[in-house]
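# Structural description and commentary
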Amino acid sequence: MAVLAAVIFVAAHSDPNRQHSLTILAFAVAGLAVGCLLLAVNAGEPSAVRAPWLLTGSIVGALCAAAFAYYGGMRQLGGFDHSILVDTGWRLFRGQRPFHDFPSTTPIGFALGAQLAFQGFGVSWKALTLFNAIFCASALLWTCGLSLRIFLRQPLLAFVLALCINCMALLVVCFWWYNPITLTTAIVFVLSSVHWLLHPRSFAAVASCFFSALLLSMMKANTAGILLVGSSLTLLFSTEHRRAAFTVFAAAFLAFLLILWTMGISLPALLAGYTAVASRGVGLGQSFSDAIGREIWLSVAGLAAMLLPLLVAGYLRSGWRMPNGIQSLGVVSLIGGIIAFFADGELKLVALSLIFLSTVLLVSRRVDTPGKPSSLFIPRAWAAYLILLGTIFASVALGQGVTRHRVMTTGPGRFFEYKMVEAPIASGFFGGLRSGPILRASLSEIEQLLASAGAPKRIYFGPRMQWGYAACGIDSPSGQPVWWHPGVAFDAKKEPVYLERWMDRKFDVLVFYKDDHTYFSPEFLELIAGNYNRDDRYSALTVYRRKGIS
């Protein structure tokens with residue numbers, strides 16, 4: 001199988017038209033080979049792997065995850081989503097407040113992370129990539145530590161499963177985005193809760209629950225809400241944990257309110273912003289909206305493979321019994337994962353990571369031995385199945401990370417280009433980023449526009465171009481959404497208000513990606529046509545100049 005993977009990989013690079021899909025297939029076959037190797041060394045069996053080896057492996061894995069995330073993040077620009085990321089961080093960096101100076105529907109943890117990246121590493125795309133790489137490494141170390149404490153008798157299996165889950169959740173995307181960081185934080189929170197159930201007197205478990213609950217409270221509401229409520233209820237119903245759990249979750253909530261206060265955000269404003277687009281977060285209307293070709297069927301097949309152990313286990317037990325605490329957490333995470341799977345329109349591997357964890361928990365057995373710490377144990381047959389499944393999907397995630405599949409879904413030819421320029425961009429906001437000619441042409445033409453006689457003072461950047469504010473050091477327009485998408489970026493009922501504010505700003509120049517007016521309503525386009533003249537001197541951009549200005 002390893003040889004077959006190598007052959008497919010070579011074939012991928014000899015056929016440019018199929019290089020993308022064949023590379024992912026090669027990674028999948030390689031993952032199957034790794035899974036078979038792990039089975040050959042009995043990775044699922046109880047073993048006496050010593051702590052120093054596990055610590056070393058976790059550190060090496062974390063460094064590799066950070067390097068992979070940085071490598072992927074510095075290749076290709078996903079104009080649409082990356083613009084949202086850049087402009088959100090830039091607005092906070094320049095002192096704007098979400099829900100006050102601009103409408104916001106993305107999680108505050110996403111916005112805060114982008115702001116911290118700019119504050120810590122300077123205003124550049126590299127800063128966002130470094131911050132995400134650090135998060136990936138930290139999440140992997142945290143997950144490995146919890147898994148090893150939970151599956152004490154199967155340390156190698158615990159280590160492998162932790163690596164697989166993190167690959168599916170984070171390394172498939174390789175940039176700071178709200179879905180991956182939400183699912184990763186959810187995984188850490190569930191594992192922390194399991195750890196606490198098994199070790200009620202562990203201070204490390206209590207601390208892990210507190211910090212993971214605090215982080216999860218700042219993430220995507222449709223997933224975070226299910227897990228926070230379900231997991232906290234599970235712990236509160238445990239007589240051993242009731243008082244401590246109430247204290248921990250109350251403290252996490254107060255810390256969350258403190259963070260909101262420091263950001264100048266009120267809780268009612270936050271809830272109003274989320275509920276304004278709640279139908280998108282809980283409905284199925286956008287399922288597979290960003291999927292490409294066979295990805296829909298492969299995602300459904302992956303979901304079925306994840307759920308198969310649960311169906312078999314349920315059949316063998318002649319129906320589900322009343323779940324204990326661990327099983328309750330498994331059911332809660334399963335519900336959260338399925339909601340994320342169907343509610344999110346993008347890559348399904350990210351949501352499958354939480355579903356995979358649910359399966360792991362629901363097929364596990366609790367082992368309580370007098371004089372020894374409690375732990376979970378996965379029976380041999382399910383351990384083998386999970387190793388194969390996990391390594392295959394983790395490898396597919398790495399393949400998609402390398403090929404920048406998530407970035408490609410935002411539109412081939414719209415900054416994403418299969419054939420990139422050999423040398424990275426030399427300097428500026430995107431210094432170090434490898435891209436195709438289109439991004440370079442756009443940057444060059446923006447420089448020409450700003451350097452021309454009578455350079456505009458008030459510029460509005462359209463879809464896929466909002467990174468222009470940070471790249472040019474221009475303040476983003478307050479009172480306007482980060483991106484224009486009624487019902488997603490802001491409450492659709494308030495579109496007339498934002499259109500009126502937009503007109504009042506009297507922008508000198510509008511800069512769009514060439515002929516790209518994605519999600520702009522007919523009313524918005526009529527305003528542009530009635531008040532601006534189109535300037536067709538640019539090849540990569542569509543520029544509009546306000547009438548009455550030369």
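These notes cover the structure that comes with them. (Residues numbered from 1 in each chain as written. Predicted model: local features only at pLDDT ≥ 70, side-chain atom pairs only at ≥ 80, totals over all residues. Heavy atoms only, no water.)

## As for the state of the cysteines
Counted by the stated rule, this structure contains 0 disulfides. Unpaired in terms of disulfides, Cys-36 finds its nearest cysteine sulfur in Cys-164, a separation of 13 Å. Cys-167 supplies the cysteine sulfur nearest to Cys-144, a cysteine that is in no disulfide, at a spacing of 10 Å. (Disulfide = S-S within 2.5 Å.)

## Focus: the side chain of Ser-231
Note that Ser-231 resides in helix 10 (residues 221-236). For Ser-231, a relative accessible area of 1% puts it in the buried group. Apart from the residues lying within four places of it in its own chain, the contact partners of Ser-231 are Phe-189, Ser-193, Leu-329 and Val-332. (Helix = DSSP H or I, 4+ residues; strand = E, 2+ residues; numbered from the N terminus. Buried < 20%, exposed > 50% of the residue type's maximum accessible area, 1.4 Å probe, protein only. Contact = heavy atoms within 4.5 Å.)

## Considerations on the packing of helix 15 (residues 325-343) against helix 16 (residues 349-362)
In contact at an axis separation of 8 Å, helix 15 and helix 16 are set at 160° when each is read in the N-to-C sense. Between helix 15 and helix 16, the crossing angle belongs to the class labelled roughly antiparallel. Read as a crossing pair, helix 15 and helix 16 show a hand that is left-handed. Taken together, the residues of helix 16 that come into contact with helix 15 (itself represented by Ile-326, Gln-327, Gly-330, Val-331, Ser-333, Leu-334, Gly-336, Gly-337, Ile-338, Ala-340 and Phe-341) are Ala-351, Leu-352, Leu-354, Ile-355, Ser-358, Leu-361 and Leu-362. Taken together, the residues of the contact of helix 15 with helix 16 break down into 12 nonpolar, 6 polar and no charged. (Axes fitted to C-alpha atoms, helices over the stretch in contact; angles between N-to-C directions. Parallel < 35°, antiparallel > 145°, perpendicular 65-115°, else oblique. Left-handed = near helix turned anticlockwise from the far one by under 90°. Nonpolar A, V, L, I, M, F, W, Y, C, P; charged D, E, K, R; others polar.)

## With respect to the nonpolar core
Core analysis: the largest hydrophobic core is formed by 171 residues, its most contacted members being Ile-378, Phe-430 and Trp-467. Examining the composition of this core, we find that 14 residues originate from one element, helix 6 (residues 125-150), more than from any other. If we skip the residues at most four places from it in the chain, Ile-378 touches Phe-151, Gln-154, Leu-157, Leu-161, Val-360, Val-363, Ser-364, Ala-383 and Leu-386. (Core = buried A, V, L, I, M, F, W, Y, C linked by side-chain atoms within 4.5 Å.)

## Description of the pattern of salt bridges
Under the defined criterion, the tally for this structure stands at 12 salt bridges. Notably, a salt bridge pairs Asp-87 with Arg-91, separated by 2.9 Å at the nearest N-O pair. With a gap of 4 residues between them, Asp-87 and Arg-91 both fall in helix 4 (residues 79-93), about one helical turn apart. Sharing partners across several salt bridges, the network here consists of Arg-458, Asp-508 and Arg-546. (Salt bridge = Lys/Arg side-chain N within 4 Å of Asp/Glu carboxyl O.)

## Structural notes on a nonpolar patch on the surface
Taken together, the side chains of Leu-55, Ile-59, Leu-63 and Leu-141 present a nonpolar region at the surface, about 380 Å² in accessible area. Among the elements that make up the nonpolar patch, the one with the highest residue count is helix 3 (residues 51-73) (3 residues). Of note, Ile-59 is situated in helix 3. The exposure class assigned to Ile-59 is partly exposed, which follows from its relative accessible area of 41%. (Patch = residues over 30% accessible without salt bridge, like charges linked within 9 Å, V, L, I, M, F, W, Y side chains within 5 Å. Areas by Shrake-Rupley, 256 points an atom, 1.4 Å probe, with all protein chains shown as cover.)

## Describing the pairing of strand 6 (residues 541-546)
Where burial is concerned, most of strand 6 is hidden: 6 out of the 6 residues are buried. Both faces of strand 6 are covered, namely the face carrying Leu-541, Val-543 and Arg-545 and the face carrying Thr-542, Tyr-544 and Arg-546. Note: strand 4 (residues 509-513) against strand 6, 5 bridges, orientation antiparallel. Looking at strand 6, one finds that Leu-510 is bridged to Tyr-544. Here strand 5 (residues 532-535) folds back onto strand 6 in antiparallel fashion, the turn holding 5 residues. (Pairing = 2+ DSSP bridges.)

## Side note on helix 17 (residues 380-403)
For helix 17, with 24 residues, the first-to-last C-alpha span of 35 Å sits near the 34 Å given by 1.5 Å per residue. Backbone geometry just downstream of helix 17 places Arg-404 in the positive-phi region, at approximately 60°. (Expected span 1.5 Å × (residues − 1).)

## Topic: unusual backbone geometry
For Arg-404, which is not glycine, the phi dihedral falls at a positive 60°. Of the residues examined, Arg-404 reaches a relative accessible area of 2% and is grouped as buried. Even without being a glycine, Phe-415 presents a positive backbone phi close to 80°. Checked against the element boundaries, Phe-415 lands in the loop between helix 18 (405-408) and helix 19 (437-451).

## Observations concerning the pairing of strand 4
Along strand 4, 5 of the 5 residues are buried, which leaves the element largely enclosed by surrounding structure. Both faces of strand 4 are covered, namely the face carrying Val-509, Val-511 and Tyr-513 and the face carrying Leu-510 and Phe-512. The sheet contact formed by strand 3 (residues 459-461) and strand 4 spans 3 bridges and is parallel. The residue bridging Tyr-460 from the neighbouring strand is Leu-510, located in strand 4.

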